[in-house]
Amino acid sequence: MSVLPLSPADSPWFRTSAAANLVDPHGALRPTIFEEMTGLAMQHHAINLGQGFPDTDGPAELADIAASFIVNDDAAARRNQYAPGSGILPLREAIARHQQRYYGIQLDPAVDILVSTGATEALAASLLAFLSPGDEVVTFEPFYDSYAAITALANAKLVPVPLTLAETGTRPDLDRFRAAVTDKTRIILLNSPHNPCGVVFTAEELRVIADAATEHNCLIISDEVYEHLTFGVPHVPVATLDGAFERTITISSAGKAFSMTGWKVGWASGPAELIAAVKSVKQFLSYSSGPAYQPAVAHGLDNGDAWFSALKAELQAGRDILVSGLREAGLTVLEPEGTYFAIADTRSLGVSSAADLARLLPEHGGVAGIPLEVFAIPEHQAPLASWMRFAFCKRPEILYDAVARLKVGLPRTAAVLRDSQLRVSERSAK
């Protein structure tokens, strides 16, 4: 029988898990909703539109480069040994060229860029580098679940500002945002293009965010992993705004840009003094990883313009298939401006809990999705309770199959759910 030195409620691991909605009402740990839905999809042979991973790999030439370094490793390259803690210089130089070419951002590869084990590590290292207990982190909600987890691990406070979900478009409530940012705010954690809602922040909206950071002397951590996945609207990095670069850490990833999510090659960029602070934490997390993948990503960043355009077109076509199908199934769908995801309201099916629906849908509807409420703190979950997120980063034939299943399976699953709830109610009445 093991003995822990602290009660669970006092432990960093428990605090982190609770913030990410991984603790049930009885205080027991539960799996992530992604693990749960993937397990149900496998069990019932359902199409998995829950997790955001493509069902095809990215450019074959990048895989060939990585494979050649693994198989033909030599003493000079040492691609199967530790990479430098900041990442190999050719990748940092390629990142600098990419930022200059796309956005006009000037970076010194020697000190302004840090390669990480995926964007999630860059996010974690950035938050842990600058947060002290009691600091506040303002972000827009719904949000990527690691935001809450790492903020809690740092014993800081997440202050979520709900996005406005409307058929006319999902937008940030800037008045609520201004009110949320105070002198207690240490970090504004921005995500554009936004997961899970698909909104791409405009330059005018970003100006409000940058001005608030300046007024209250706080940092901006900008999660831009979907920067190349926008549909008909431009991606504007907040660091390009006047006065914003010096207080902004920009984070991106090869996983989304090249559909190589398993490679886990990400990066943070910004002013040298901020990147040095992030590196001081990051070097005690993974130190380094992916030495054979890094030269392949460098090649991709230098030569990937055609790939970015093709991927964007493919994803926009997939978005249109899914959005149209969900609407034909009777759901209210917010058409995303970017990312892999579309969110849909299931209230038209007579469903008040998308979480309950999601757990039945793989068996009775043949498709897996994710309830949107898991991307919010408990106090803010009620308005999101009927919403679900579906991924469209799949081949067209898979999406058409999923849409056909959903048109039949959503009403059927909703009926099963209502019948189950009625039986529970009748038993309770007795």
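Notes on the structure follow. Just so it is clear, the model here is predicted, and its values are computed rather than measured.

### Regarding unusual backbone geometry
Working step 1: Put simply, E141 and P142 share a cis peptide bond, and its omega is 5°.
Working step 2: Within the fold, P142 resides in the loop between strand 3 (136-141) and helix 6 (145-153).
Working step 3: A positive phi angle is found at N217, which is not glycine, with a value near 55°.
Working step 4: Counting through the fold element by element, N217 comes out in the loop between helix 8 (203-215) and strand 7 (219-223).
Working step 5: Unusually for a residue other than glycine, T339 sits at a positive phi of about 80°.
Working step 6: Within the fold, T339 resides in the loop between strand 10 (332-334) and strand 11 (341-345).
Working step 7: For T339, a relative accessible area of 0% gives the class buried.

### Points about the sheet that holds strand 3
Working step 1: Overall, mixed pairing links the eight strands, which are arranged 2-9-8-7-6-3-4-5 in an open sheet. Here the strands that pair on one side only, and so sit at the sheet edges, are strand 2 (113-117) and strand 5 (171-172).
Working step 2: Contacts from helix 6 reach strand 3, strand 4 (157-164), strand 6 (185-191) and strand 7, with the element oriented near 160° to strand 4.

### Examining the pattern of salt bridges
Working step 1: Applying the stated criterion to the full structure yields 14 salt bridges.
Working step 2: Across the pair E36 and R359 runs a salt bridge, and its minimum N-O distance is 2.7 Å. Of this pair, E36 sits in helix 2 (residues 33-43) while R359 sits in helix 13 (residues 354-365), placing them 323 residues apart in sequence.
Working step 3: On the accessibility criterion, R359 (37% relative accessible area) is partly exposed.
Working step 4: For the salt bridge of D55 with R395, the shortest nitrogen-to-oxygen distance reads 3.2 Å. Remark: R395 occurs in the loop between strand 14 (387-391) and helix 14 (396-429) and D55 occurs in the loop between strand 1 (47-48) and helix 3 (60-71); sequence separation between them is 340 residues.
Working step 5: A cluster of three or more residues bridged by salt bridges with shared partners is formed by D55, R395 and E397.

### A word on the nonpolar core
Working step 1: Counting residues in each nonpolar core, the largest one holds 132 residues, and the members touching the most others are F177, F258 and F390.
Working step 2: A total of eight residues in this core trace back to one element, the largest contributor, which is helix 12 (residues 305-328).
Working step 3: Other than its neighbours up to four places away in sequence, F390 contacts L49, L322, L326, Y340, F341, A342, A344, L361, V367, A368, G369 and L406.

### A short note on the layout of surface pockets
Working step 1: The calculated volume of the largest pocket comes to roughly 560 Å³.
Working step 2: Surrounding the largest pocket, 24 residues form its lining, G52, T120, Y144, Y226 and K256 being those nearest its centre.
Working step 3: For the lining of the largest pocket, the secondary-structure elements that each account for two or more residues are helix 5 (118-130), helix 6 and helix 9 (254-257).
Working step 4: Class assignment of the residues belonging to the lining of the largest pocket gives a composition of nine nonpolar, 10 polar and five charged.
Working step 5: Lining the second largest pocket we find 17 residues, and of these N21, R30, I33, R359 and V374 sit closest to its centre.
Working step 6: Looking at the lining of the second largest pocket, the elements with two or more residues in it are helix 2 and helix 13.
Working step 7: It is helix 2 that provides the largest number of residues to the lining of the second largest pocket, a total of three residues.
Working step 8: Classifying every residue of the lining of the second largest pocket by side-chain character gives nine nonpolar, three polar and five charged.

### Some points on the sheet that holds strand 13 (residues 370-371)
Working step 1: Strand order across the open sheet formed by four strands is 10-11-14-13, with antiparallel pairing between neighbours. The open sheet terminates on both sides in strands that have one partner only, identified here as strand 10 and strand 13.

### A look at helix 12
Working step 1: Taking 1.5 Å of rise per residue, the 24 residues of helix 12 would be expected to cover 34 Å, and the 35 Å separating its terminal C-alpha atoms lies within 8% of that figure.
Working step 2: W307, F308, L311, L315, G318, R319, I321, L322, V323, G325 and L326 are the residues of helix 12 that are buried.
Working step 3: Phi turns positive one or two residues past the end of helix 12, at G330, with a value near 95°.

### A word on the pairing of strand 3
Working step 1: Judged by how many residues are buried, strand 3 sits mostly within the fold: six of six residues are covered.
Working step 2: Sheet analysis places strand 3 next to strand 4, joined by six bridges and oriented parallel. From the neighbouring strand, E141 faces strand 4, where its bridge partner is P162.
Working step 3: With helix 6 bridging strand 3 and the parallel strand 4, this β-α-β connection has right-handed handedness.
Working step 4: As defined by bridge partners, strand 3 adjoins strand 6 across four bridges and the pair is classed as parallel.

Conventions and cut-offs
- Residues numbered from 1 in each chain as written.
- Predicted model: local features only at pLDDT ≥ 70, side-chain atom pairs only at ≥ 80, totals over all residues.
- Heavy atoms only, no water.
- Helix = DSSP H or I, 4+ residues; strand = E, 2+ residues; numbered from the N terminus.
- Buried < 20%, exposed > 50% of the residue type's maximum accessible area, 1.4 Å probe, protein only.
- Pairing = 2+ DSSP bridges.
- Contact = heavy atoms within 4.5 Å.
- Axes fitted to C-alpha atoms, helices over the stretch in contact; angles between N-to-C directions.
- Salt bridge = Lys/Arg side-chain N within 4 Å of Asp/Glu carboxyl O.
- Core = buried A, V, L, I, M, F, W, Y, C linked by side-chain atoms within 4.5 Å.
- 1 Å grid on protein atoms, 1.4 Å probe; cavity = no way out; pocket = protein on both sides within 12 Å on 5 of 7 lines; lining within 4 Å.
- Points joined across faces, edges and corners; volume = space filled by probe spheres on them.
- Nonpolar A, V, L, I, M, F, W, Y, C, P; charged D, E, K, R; others polar.
- Expected span 1.5 Å × (residues − 1).
- Right-handed = clockwise from strand over helix to strand, strands pointing away.

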